[in-house]
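# A look at the structure
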Amino acid sequence: MANAFEYAPAPESRAVVDIKPSYGLFIDGDFVDGQGQSFKTINPATEEVLSEVAEASESDVDTAVRAARRAYTRVWSRMSGAERGKYLFRIARIMQERAREIAVLESIDNGKPIKEARDFDVPTAAAHFFYYAGWADKLKYSGFGDTPLGVAGQVIPWNFPLLMLAWKIAPALACGNTVVLKPAETTPLTALLFAEICQQADLPPGVVNIVTGAGATGHALVSHDDVDKVAFTGSTDVGRAIAKAVAGSRKKVTLELGGKAANIVFDDAPIDQAVEGIVGGIFFNQGHVCCAGSRLLVQESVAEEVMDRLKRRMSTLRMGDPLDKNTDIGAINSGEQLKRIRELAGVGDAEGAERWEVACDLPTKGFWFPPTLFTGVSQAHRIAREEIFGPVLSVLTFRTPAEAVEKANNTPYGLSAGVWTDKGSRILSIANQLRAGVVWANTFNKFDPTSPFGGYKESGYGREGGRHGLEGYLKGTDA
Amino acid sequence: MTPTARSTASAAPAADGGMLADVASSDASLRRFLHGLPGVDQVGAEARAAGLGTRSIKTTAKAYALDLAIRMVDLTTLEGADTPGKVKALSAKAMRPDPADPTCPPTAAVCVYPDMVPVAKQTLGDSGVHVAAVATAFPSGRAALDIKLADTRDAVEAGADEIDMVIDRGAFLSGRYLQVFEEIVAVKEACGPAHLKVIFETGELQTYDNVRRASWLAMMAGGHFIKTSTGKVQPAATLPVTLVMLEAVRDFRDVTGQMVGVKPAGGIRTAKDAIKYLVMVNEVTGPDWLDPDWFRFGASTLLNDLLMQRTKMTTGRYSGPDYFTLD
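Per an unreviewed UniProt entry, chain A goes by Aldehyde dehydrogenase family protein and derives from Nocardioides seonyuensis.

### Considerations on the overall build of chain A
Along chain A, the regular secondary structure elements total 14 helices and 18 strands. By the compact-globule yardstick of 23 Å for 479 residues, chain A fits well, its C-alpha radius of gyration being 22 Å. Each of the three principal axes of chain A carries a C-alpha extent, and together these read 65 × 50 × 35 Å. Here chain A, with 479 residues, has 63% of them falling under the buried criterion. When contacts within chain A are restricted to residue pairs at least 6 apart in sequence, those whose partners lie at least 24 apart make up 76%. Across chain A, 52 positive and 59 negative side-chain charges occur, with their mean positions spaced 5 Å apart.

### What to know about the overall build of chain B
When its secondary structure is counted, chain B shows 14 helices and 8 strands. Computed over C-alpha atoms, the radius of gyration of chain B comes to 19 Å, within 12% of the 20 Å expected from 2.2 N^0.38 for 327 residues, which places it in the range of a compact globule. Considered along the principal axes of its C-alpha atoms, chain B spans approximately 60 × 45 × 30 Å. Across the 327 residues that make up chain B, the buried fraction comes to 58%. When contacts within chain B are restricted to residue pairs at least 6 apart in sequence, those whose partners lie at least 24 apart make up 76%. Working note: accessible area of chain B is about 12,600 Å², and carbon and sulfur atoms make up 54% of it. The positive charge centre, built from 34 side chains, and the negative charge centre, built from 38, are 4 Å apart in chain B.

### Looking at the domain arrangement of chain A
Many authors give the size of an interface as the accessible area that is lost as the parts come together. All names here are of chain A. Domain boundaries in chain A define domain 1 (22-257 + 459-475) and domain 2 (262-441). Computed from C-alpha coordinates alone, the two centres of domain 1 and domain 2 are separated by 30 Å. Carbon and sulfur atoms supply 56% of the area buried between domain 1 and domain 2, which totals about 2,300 Å² over both sides. Along the contact surface separating domain 1 from domain 2 lie 1 salt bridge. With its nearest N and O atoms 2.4 Å apart, the salt bridge here joins Lys115 to Asp328. At the junction of domain 1 with domain 2, the criterion picks out 14 residue pairs in polar contact (both at pLDDT 80 or more). Elements with a minimum of two residues in the side of domain 1 that touches domain 2: helix 3 (99-110) and helix 4 (114-135). Residues that form the side of domain 1 that touches domain 2 fall into these classes: 11 nonpolar, 9 polar and 8 charged.

### Some thoughts on the interface of chain A and chain B
Facing the 27 residues of chain A at the interface are 29 residues of chain B. Note on chain A versus chain B: buried area summed over both sides is about 2,300 Å², and carbon and sulfur give 49% of it. The largest share of the area that chain A buries against chain B comes from Phe5, Tyr7 and Gln273 of chain A, three residues that together contribute 28% of it. Between the two partners, chain A and chain B, sit 7 salt bridges. Residue Arg212 of chain B pairs with Asp272 of chain A through a salt bridge whose shortest N-O separation is 2.5 Å.

### Structural notes on the UniProt feature "active site" (unreviewed entry) in chain A
Residue and element names in this part refer to chain A. Look at the UniProt record and you will see "active site" (unreviewed entry) annotated at Glu256. Structurally, Glu256 is set in strand 10 (residues 252-256). Ignoring any residue separated from it by four or fewer positions in sequence, one finds Glu256 in contact with Phe232, Thr233, Gly234, Leu415, Phe453, Gly454, Gly455, Ser459, Gly462, Arg463 and Glu464.

### Side note on the sheet that holds strand 4 (residues 38-43) of chain A
Note: strands within a sheet are paired through backbone hydrogen bonds, in either parallel or antiparallel orientation. All names here are of chain A. On the basis of which strands lie adjacent, the open sheet formed by 3 strands has the order 1-5-4 and mixed pairing. The open sheet is flanked by strand 1 (22-23) and strand 4, the only strands paired with a single partner. Note: strand 1 against strand 5 (residues 48-54), 2 bridges, orientation parallel. Of the residues in strand 5, the one forming a bridge with Ser22 is Glu52.

### Considering the UniProt feature "domain: Aldehyde dehydrogenase" (unreviewed entry) in chain A
Per the UniProt record, "domain: Aldehyde dehydrogenase" (unreviewed entry) is annotated on residues 31-475 of chain A. Annotated as 41% helix and 16% strand, the span residues 31-475 of chain A places its first and last C-alpha atoms 31 Å apart.

### Here we look at the packing of aromatic side chains
Following the criterion strictly, the structure yields 24 aromatic pairs over all chains and no others. On the basis of an interplanar angle of 75° and a centroid distance of 5.6 Å, the ring pair of Trp216 of chain B and Phe252 of chain B is categorised as edge-to-face. Here Trp216 of chain B is found in helix 11 (residues 208-220), whereas its partner Phe252 of chain B is found in helix 12 (residues 239-256), with 36 residues between them in sequence. Judged by relative accessible area, Trp216 of chain B falls into the buried class, the value being 6%. Exposure remark for Phe252 of chain B: the relative accessible area of 0% places this residue in the buried category. An aromatic cluster is defined as three or more aromatic residues linked by ring pairs; in this entry it consists of Phe120, Phe160, Trp167, Phe284, Trp440, Phe444, Phe447 and Phe453 of chain A. The ring of Tyr473 of chain A has Lys229 of chain A lying over it, and the distance from NZ or CZ to the ring centre is 4.7 Å.

### Overview of the nonpolar core
The nonpolar side chains of a soluble globular protein tend to be buried, and buried together. Core analysis: the biggest nonpolar cluster contains 108 residues, and Met95, Phe129, Val208 and Leu310 of chain A have the highest contact counts within it. Residues from two domains meet in this core; each of domain 1 (22-257 + 459-475) and domain 2 (262-441) of chain A gives at least three. If we skip the residues at most four places from it in the chain, Phe129 of chain A touches Leu88, Ile91, Ala92, Met95, Ala166, Ile169, Ala170 and Phe194 of chain A. Within the second largest apolar cluster, 106 residues are counted, among which are Leu34, Ile163, Val180 and Val284 of chain B.

### What about the pattern of salt bridges?
Oppositely charged side chains can form a pair if their charged atoms are brought close together. Going through the model one piece at a time under the given rule, you end up with 53 salt bridges over all chains. Two residues, Lys407 of chain A and Glu403 of chain A, come together in a salt bridge whose shortest N-O distance is 3.2 Å. You can see Lys407 of chain A and its partner Glu403 of chain A sitting in helix 12 (residues 401-409), 4 residues apart, about one turn around the helix. Look at Lys407 of chain A and you get partly exposed, because its relative accessible area is 21%. For Asp161 of chain B, the salt bridge identified is with Lys121 of chain B, shortest N-O distance 3.3 Å.

### What to know about the packing of helix 4 (residues 59-71) of chain B against helix 14 (residues 302-315) of chain B
All names here are of chain B. Where helix 4 meets helix 14, the closest approach of the two axes is 10 Å, and the angle between their N-to-C directions is 150°. Judged by the twist between their axes, the crossing of helix 4 over helix 14 is left-handed. In this structure, helix 4 uses Thr59, Lys62, Ala63, Leu66, Asp67, Ala69 and Ile70 to contact helix 14, whose residues at the interface are Leu303, Leu306, Leu307, Gln309, Arg310 and Met313. Broken down by class, the residue content of the contact of helix 4 with helix 14 amounts to 8 nonpolar, 2 polar and 3 charged.

### Here we look at helix 4 of chain B
Residue and element names in this part refer to chain B. The end-to-end C-alpha distance of helix 4 is 19 Å, a good match for the 18 Å that 13 residues give at a rise of 1.5 Å each. Turning to helix 4, its buried residues are Ala61, Tyr64, Ala65, Leu66, Leu68, Ala69 and Ile70. Where helix 4 is buried, its residues contact strand 1 (73-76), helix 13 (271-284), strand 8 (297-299) and helix 14.

### Section: the environment of Tyr461 of chain A
Mapped onto the secondary structure, Tyr461 of chain A falls in strand 18 (residues 460-461). What Tyr461 of chain A contacts, discounting residues up to four positions off in sequence, is Ala243, Val253, Thr254 and Leu255 of chain A.

What counts, and where the lines are drawn
Residues numbered from 1 in each chain as written. Chains lettered and ligands numbered in written order. Predicted model: local features only at pLDDT ≥ 70, side-chain atom pairs only at ≥ 80, totals over all residues. Heavy atoms only, no water. Helix = DSSP H or I, 4+ residues; strand = E, 2+ residues; numbered from the N terminus. Rg over C-alpha atoms; globule rule 2.2 N^0.38 Å. Buried < 20%, exposed > 50% of the residue type's maximum accessible area, 1.4 Å probe, protein only. Contact = heavy atoms within 4.5 Å. Lys, Arg positive; Asp, Glu negative; His and termini not counted. Charge placed at Lys NZ, Arg CZ, Asp CG, Glu CD. Areas by Shrake-Rupley, 256 points an atom, 1.4 Å probe, with all protein chains shown as cover. Domains from an automatic or database assignment. Buried area = accessible area lost by both parts, 1.4 Å probe. Salt bridge = Lys/Arg side-chain N within 4 Å of Asp/Glu carboxyl O. Polar contact = N/O pair within 3.5 Å; in protein donor to acceptor, adjacent residues only side chain to side chain. Nonpolar A, V, L, I, M, F, W, Y, C, P; charged D, E, K, R; others polar. UniProt positions renumbered as here; feature names shortened; annotations may be inferred. Pairing = 2+ DSSP bridges. Phe/Tyr/Trp six-rings, centres within 6.5 Å; stacked < 30°, edge-to-face > 60°. Lys NZ or Arg CZ within 6 Å of the ring centre and 35° of its normal. Core = buried A, V, L, I, M, F, W, Y, C linked by side-chain atoms within 4.5 Å. Axes fitted to C-alpha atoms, helices over the stretch in contact; angles between N-to-C directions. Left-handed = near helix turned anticlockwise from the far one by under 90°. Expected span 1.5 Å × (residues − 1).

See below:
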């Protein structure tokens, strides 16, 4: 009788979304055909083809950059900040009005649970537009001047397609820049829906341009001569290539790259909430989070207890149809990414770490990987050093606070870190010693438009979000 | 104090291999133990409770949950103005909540003041619906121990199957944990065969740390159930408070092997809310607690909304409140 409380499926309706059979590029306020070949975007949960999307060639990118330049010189940079702010507020409101449609589309194209798209991605993206709309007429108080850079070439990843778009476009437009943005090739659809929102908001043509495509399109964009600013979020390897491509040019660059964050749990931590934080830290968005808490550092005295509770909690995670409102873990975004996760998990086995995974039936179609943890991991293991970008947690232990800090900082990355303890003085002391762009205390993976985010070391340079996020899009007071 | 303390020590669960046996030997050792429990981060606990509240329970799962919730209701009237007539009517409703639908299950119990126990007992007969009585100077708990015990014995002798006692919040908040512990042990003894539910009045305990400590205190003293509130103080039952209590009973079973029930009471009025609690039970303690023996709702107005939703599931339409009995 007791087990009869299986939650019946509660699928969100797809009817709110109208996916066209094919999409062109969004240039100068209109959808136009690309010159390159088109490519397919699929639903990673079912492998169903959703639509055909144009691949922007070098000359398409050139057209887009010219449109952006025209809009910059003739309209956008001449407009008062207050006027620009009105457009941004309007975009934010339309995003809220069309929230359900955007969330469903994001879930279908990305594989993430509708719960997360609905409760996190879309509201946070809208919040970024609201936040930077407020800055548009107050730039002279920002401390970074009020002169825009010009045309921004922006390349974003597939893990939070709409949110990363908001992180890039909102501050750029608020500061008076125009943009050409390339979404990831596996998740272009919400960016194209955003293009429709720009039309709906009567945004002047050319202020926002969206060029779809893969690596070659991205390369054409960041190396275009008439781009003044390059902003990229994605893997450290690609970030390195971009840094090389723009080295020696006048272009200003911000990079948000990989991470291998330490989530440190002390023995006096609020254990039940720490377990929640560990789960949210690594299994949120299938672990497709650059600041994911993928290295758990637990104090030895509570390690066993934390592991028991963590495994029990992981067993209650619900995996499956991303459009089901009760799904906690959705699909891996692509076959390629699934392969990489499998490969690195295999390395964990080979290195002698102990693998534990949630027992569940995986759907036969689509790309799936069960929530997994590795115990007995040491600093020397590859799974403790390399970013896996999937639902795989590596567990290490420590005995003293000094050892925790030493191990946490012993990584080429430095995007984020977490500290769990009931002692306020310890939070402050440890947070000061951690070399990471964000340190969360008794929480993890929390985002807010007012809070700056950005890396140390191989996690990139420049900050996004908050007042600091304006700096990357302004010339500075002395210019 | 000493003889009582020794007797209470033996009342502590033995299945933990003696781990908890010495905890209740003095105020100091009790305090050390209770304050050594892991803290509760308020923001995190509330976020977790809110997250569980977003589960979408539909169709068959909803039908199951509605019937289960009805079977878990302690249909309650605790007013100074209660009359035998009202208690009779309430008892009749507990046995047949929906006279129009014989498939509707009965509630778990009716919950009344001790003087009304004979009336309820007589009406309920051998229907299987229990009689729960609040005792121990409910709702404040501010009376001498012998009066509380007499109150309890009174109710049990009148036929109560379950006793809902209140703890002395004054003693708890001033750190006199041993006194609270010993009172629970003494009341349990006075209960005889009746089951004991221990009410914390979490609205007065204020912090989640206190709720966790009170939970362990009551479980170690032998309470069969831990209950949030009297219904006389706001806030009464909340999802986060119930979350902390569910974590406590789950952890207690891990240590001792013994199961303790949980009863949120006061302020749960809608089927939607009740389902949120069931989801929480399902995911925090696991389905073992999805049973009226281990989870109850202390409520008076909840039942009618459950019935209304139940009818909606079978007919596809909502009926007005007049289609359901008052009480």
